[in-house]
Amino acid sequence: MGTPRTPRDRWVEEGLRALAAGGPDAVRIEVLAKRLGVTKGGFYGYFADRDALLEVMLDTWERESIDEVIDRVEREGGDPKSKIQRAGALTFSDDRLLPLDLAIRDWARRDEAVAERLRRVDNRRMALLREKIGSFCPDPDEVEARSLMAFCVAIGQHFLAADHGHRTRAQVRAHAGDIILNRPRRTDSP
């Protein structure tokens, strides 16, 4: 009886872990095989080459960060404001999707095909924001501005090193969310 092959999904998962930790240059077939405890020969039963693996990894990230997030948000229900918060939490405060998103953003700066994929994902995210914010904000210009601000806060907070005086980052972020989502200011904020 032969040794079972390492499943295709394990190669993809290990590639995504490597991408999140070290960018696309860290996705090396030999390194992935070593981490999986297998020889690299099994890799070629699933993928023609490294580029094919990278493409499947991007497909997986896109499906998980858009389709699965939107499906879950809609399935769990709630008002548009809670759906926006849930989508943001699922995408940008997760141990899996956030590191991938940040790594792909960095990669997109050097690869036009990845930049186009990121643009498509970001456009779908913005469409969701526009739809949900548009449900409580009738001004299309304000909908666009609030959507942009929400997206910038979600992504930009991971790059900002500034202090916020006597406020924590979480407090400032919560207040920004209240402004964007047109909610009354929380009483627990300074």
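Residues numbered from 1 in each chain as written. Predicted model: local features only at pLDDT ≥ 70, side-chain atom pairs only at ≥ 80, totals over all residues. Heavy atoms only, no water.

Draft legend 1. Examining the overall build of the protein more closely. Secondary structure summary: the protein contains eight helices and zero strands in total. Reading the secondary structure of the protein in the N-to-C direction produces α-α-α-α-α-α-α-α. Along the first, second and third principal axes, the C-alpha set of the protein runs to 65 × 35 × 35 Å. Burial analysis of the protein (190 residues in total) assigns 41% to the buried set. Within the protein, residue pairs in contact and separated by at least 24 positions form 57% of the contacts whose partners lie at least 6 positions apart. Treating the 33 positive side-chain charges of the protein as one cloud and the 33 negative ones as another, the clouds have centres 3 Å apart. (Helix = DSSP H or I, 4+ residues; strand = E, 2+ residues; numbered from the N terminus. Buried < 20%, exposed > 50% of the residue type's maximum accessible area, 1.4 Å probe, protein only. Contact = heavy atoms within 4.5 Å. Lys, Arg positive; Asp, Glu negative; His and termini not counted. Charge placed at Lys NZ, Arg CZ, Asp CG, Glu CD.)

Draft legend 2. Highlighting the nonpolar core. Counting residues in each nonpolar core, the largest one holds 28 residues, and the members touching the most others are Leu-19, Val-27, Leu-53 and Met-57. Residue assignment for this core shows that the elements contributing at least two residues are helix 1 (8-22), helix 2 (29-36), helix 3 (50-76), helix 5 (97-108) and helix 6 (112-134). Non-local contacts of Met-57, meaning those with residues more than four positions away in its chain, are made with Val-12, Gly-15, Leu-16, Leu-19 and Val-27. Listed in part, the 14 residues of the second largest apolar core include Ile-84, Leu-98, Met-126 and Leu-181. (Core = buried A, V, L, I, M, F, W, Y, C linked by side-chain atoms within 4.5 Å.)

Draft legend 3. Expanded view of the environment of Asp-67. Tracing the backbone shows Asp-67 in helix 3. Classification of Asp-67 as partly exposed rests on a relative accessible area of 30%. For the pair Asp-67 and Arg-124, spaced 57 residues apart in sequence, the C-alpha to C-alpha distance is 9.5 Å. Residue contacts for Asp-67: discarding those within four places in its chain leaves Glu-62 and Arg-124.

Draft legend 4. Expanded view of the pattern of salt bridges. For the structure shown, the criterion picks out 28 salt bridges. As a salt-bridge pair, Glu-14 and Arg-17 come within 3.1 Å of each other at their nearest N and O atoms. Pair noted here: Glu-14 and Arg-17 are both in helix 1, with a separation of three residues, about one helical turn. Judged by relative accessible area, Glu-14 falls into the buried class, the value being 9%. What makes Arg-17 partly exposed here is its relative accessible area of 46%. Notably, a salt bridge pairs Asp-59 with Arg-117, separated by 2.7 Å at the nearest N-O pair. In this pair, Asp-59 sits in helix 3 while Arg-117 sits in helix 6, placing the two residues 58 residues apart along the sequence. Since its relative accessible area comes to 37%, Asp-59 is described here as partly exposed. (Salt bridge = Lys/Arg side-chain N within 4 Å of Asp/Glu carboxyl O.)

Draft legend 5. Summary view of the packing of helix 3 against helix 4 (residues 80-92). Relative orientation of the contacting elements helix 3 and helix 4 amounts to 140°, with a least axis distance of 10 Å. Accordingly, the angle class assigned to the pair helix 3 and helix 4 is oblique. Judged by the twist between their axes, the crossing of helix 3 over helix 4 is right-handed. Here Ser-65, Val-69, Arg-72, Val-73, Glu-74 and Glu-76 of helix 3 lie close against helix 4, whose contacting residues are Lys-83, Arg-86, Ala-87, Leu-90 and Thr-91. (Axes fitted to C-alpha atoms, helices over the stretch in contact; angles between N-to-C directions. Parallel < 35°, antiparallel > 145°, perpendicular 65-115°, else oblique. Left-handed = near helix turned anticlockwise from the far one by under 90°.)

Draft legend 6. Representation of the environment of Glu-131 in the model. Checked against the element boundaries, Glu-131 lands in helix 6. Measuring from C-alpha to C-alpha, the distance between Glu-131 and Pro-80 comes to 8.5 Å, with 51 residues separating the pair along the chain. Among the polar contacts made by the side chain of Glu-131, one reaches the side chain of Lys-132 at a distance of 3.2 Å. (Polar contact = N/O pair within 3.5 Å; in protein donor to acceptor, adjacent residues only side chain to side chain.)

Draft legend 7. Representation of the environment of Ala-162 in the model. Here Ala-162 lies in the loop between helix 7 (140-156) and helix 8 (169-180). Once the C-alpha coordinates of Ala-162 and Ala-174 are considered, the two residues, twelve residues apart in sequence, prove to be 16 Å apart.

Nothing here speaks to function; it is geometry throughout.
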